[in-house]
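# Breakdown of the fold
Residues per chain are reported as follows:
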Amino acid sequence: MQFGRASNLRKHAEEKHGGRLHEHKYHPHEWIPLVLGFLFTLATQMRFVSPDCLLAYCHATGLTRRDNQRGDLETLALREFTNILTCTPGLTSQCSFNTLLDFHVLSHILPANPSTLLIPPQATNPFGVPLGSVGQRLVVDAHFHLDATLKRERLSTFSELAGRWSSVADYQLVASVNNCCFRPRNSSSAAAGTHHSYGCHPKLVTANFDIPDAVEEVLSLVVSNPRTVAVGEIGLDYHHRTTPKLRRAQRDLFTSLLRLAVRQNLPVVIHCRGYGTGSADADCLEILREVVPQFYPLHFHCFCSSISSFHSFSSSFPNSIFGITSKISDTLLHELLTLLPLHRVVLESDAPFINKTPFDLSPTIERIAACLQLDPALVMSATACTAIRFYRLQPLS
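The rules behind these values
- Residues numbered from 1 in each chain as written.
- Predicted model: local features only at pLDDT ≥ 70, side-chain atom pairs only at ≥ 80, totals over all residues.
- Heavy atoms only, no water.
- Helix = DSSP H or I, 4+ residues; strand = E, 2+ residues; numbered from the N terminus.
- Expected span 1.5 Å × (residues − 1).
- Buried < 20%, exposed > 50% of the residue type's maximum accessible area, 1.4 Å probe, protein only.
- Contact = heavy atoms within 4.5 Å.
- Salt bridge = Lys/Arg side-chain N within 4 Å of Asp/Glu carboxyl O.
- 1 Å grid on protein atoms, 1.4 Å probe; cavity = no way out; pocket = protein on both sides within 12 Å on 5 of 7 lines; lining within 4 Å.
- Points joined across faces, edges and corners; volume = space filled by probe spheres on them.
- Nonpolar A, V, L, I, M, F, W, Y, C, P; charged D, E, K, R; others polar.
- Axes fitted to C-alpha atoms, helices over the stretch in contact; angles between N-to-C directions.
- Left-handed = near helix turned anticlockwise from the far one by under 90°.

## A closer look at helix α10 (residues 244-264)
Look at α10: 30 Å from first C-alpha to last across 21 residues, which is about the 30 Å you get at 1.5 Å a residue. Those residues of α10 not exposed but buried are A249, Q250, L253, F254, T255, L257, L258, L260 and A261. On its buried side, α10 packs onto α9 (211-224), β4 (228-237), β5 (268-273) and α11 (280-291). Remark: N265 follows α10 within two positions and exhibits a positive phi of approximately 55°.

Here it is as structure tokens:
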């Protein structure tokens, strides 16, 4: 098995870590079982059937690339993975963390070509989504608006909507997240068959907007629906003409809803749009740094901003993920995917506002696959796993 090649591990330990191992009184024969033990523990925690599956997934989604642009992200990705571990022997000090959790060991013992990886079909999460298995076409739509979509499609229920899509789709929708952030809200805001996120869109803010009332409404929706997985979308929108007073009101609402999300321990879906002096990106980042813990789960919805803003958001909040829609330009998509591994990417239709039809993710999937030179099925399963992990999704009956 790939992870069991002790000779490779020993060689890597001696060549790459000899100084640190000696300094901290580690020896290669001790380091090898510690690394293997960590991989076994991590694979179990992440619901992989073996460390081989974990390593293959890490490699296929770009976690182990060693070019200069990926260097910092390797560390961040590794730290993100370790956040899900409650207690692992050997991770009690900074020196052992730096020694044991060096992702270069993974890239050292894995094949260079991810297309050659074969992952057992039983390596799945609770939805049965194979973790990187080419040939499986299973997706998660991480952001759509059910109320508006049902109105546009002249349907009454989510089941009708999903049934219509499944009759024409060439892949299976295994989960979706309905973002209920507009008023008035109707019965579909708590519909069965999909997961839900509740918020208040910044465009709703008017001169006499009642912020406490809006926050109380969101709280009521969040706690009353067991299928709630996040707060959002919330944020700032300076794209259309807004006065300084309205921008202040948007910031106050955003701050209040962020505090609500943190109290409820729910991920946050962030809408951030605006350009020029005093842009929404800068204000959004300032508020997030003030209110949200560094490793809090943030979903930057429909990311179409600059690479500079991406760096700011990503480095400030290393557990954040980024939603990709068909709206993103080819240039930005290419630049983003050179920096962003697939374990931090989710697919969004944002129906009916960007894609008219919900769950229609094929164009975005094909563009990402072409950019990364990967099989589209691998893009599907990798991004589906990201959404399932981030939102802690479970199958709905």
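## Notes on the pattern of salt bridges
Any two side chains of opposite charge can pair, on the condition that their charged atoms come close. Counting across every chain of the model gives four salt bridges. Between R164 and E153 there is a salt bridge, and its shortest N-O distance comes to 2.8 Å. Of this pair, R164 sits in helix α8 (residues 158-166) while E153 sits in helix α7 (residues 146-153); the two residues are eleven residues apart in sequence, bridging distant segments of the chain. With a shortest N-O distance of 2.8 Å, R367 and D330 are connected by a salt bridge. On the criterion of sequence distance, the pair formed by R367 in helix α14 (residues 362-372) and D330 in helix α13 (residues 330-337) is long-range, its members being 37 residues apart. A single salt-bridge network, built from bridges that share partners, covers R152, E153 and R164.

## Here we look at the layout of surface pockets
Empty space left among the atoms is revealed by rolling a probe the size of a water molecule over them. Estimates place the volume of the second largest pocket at around 450 Å³. Residue lining of the second largest pocket: 24 residues in total, with H271, R273, H301, C302 and K327 positioned closest to the centre. If you list the elements that add at least two residues to the lining of the second largest pocket, you get β4 and β5. Of all the elements, β5 adds the most residues to the lining of the second largest pocket, at four residues. Taken together, the residues that form the lining of the second largest pocket break down as eleven nonpolar, six polar and seven charged.

## Quick look at the packing of α10 against α11
Two numbers describe how α10 lies on α11: the axes approach to 10 Å, and their chain directions differ by 35°. Of the two elements, α10 crosses α11, and the hand of that crossing is right-handed. From α10, R251, F254, T255, L258, R259 and V262 reach across to α11, where they touch D283, C284, I287, L288, E290 and V291. In terms of residue class, the contact of α10 with α11 is built from seven nonpolar, one polar and four charged.

Read these as layout, nothing more, since geometry by itself doesn't imply function.
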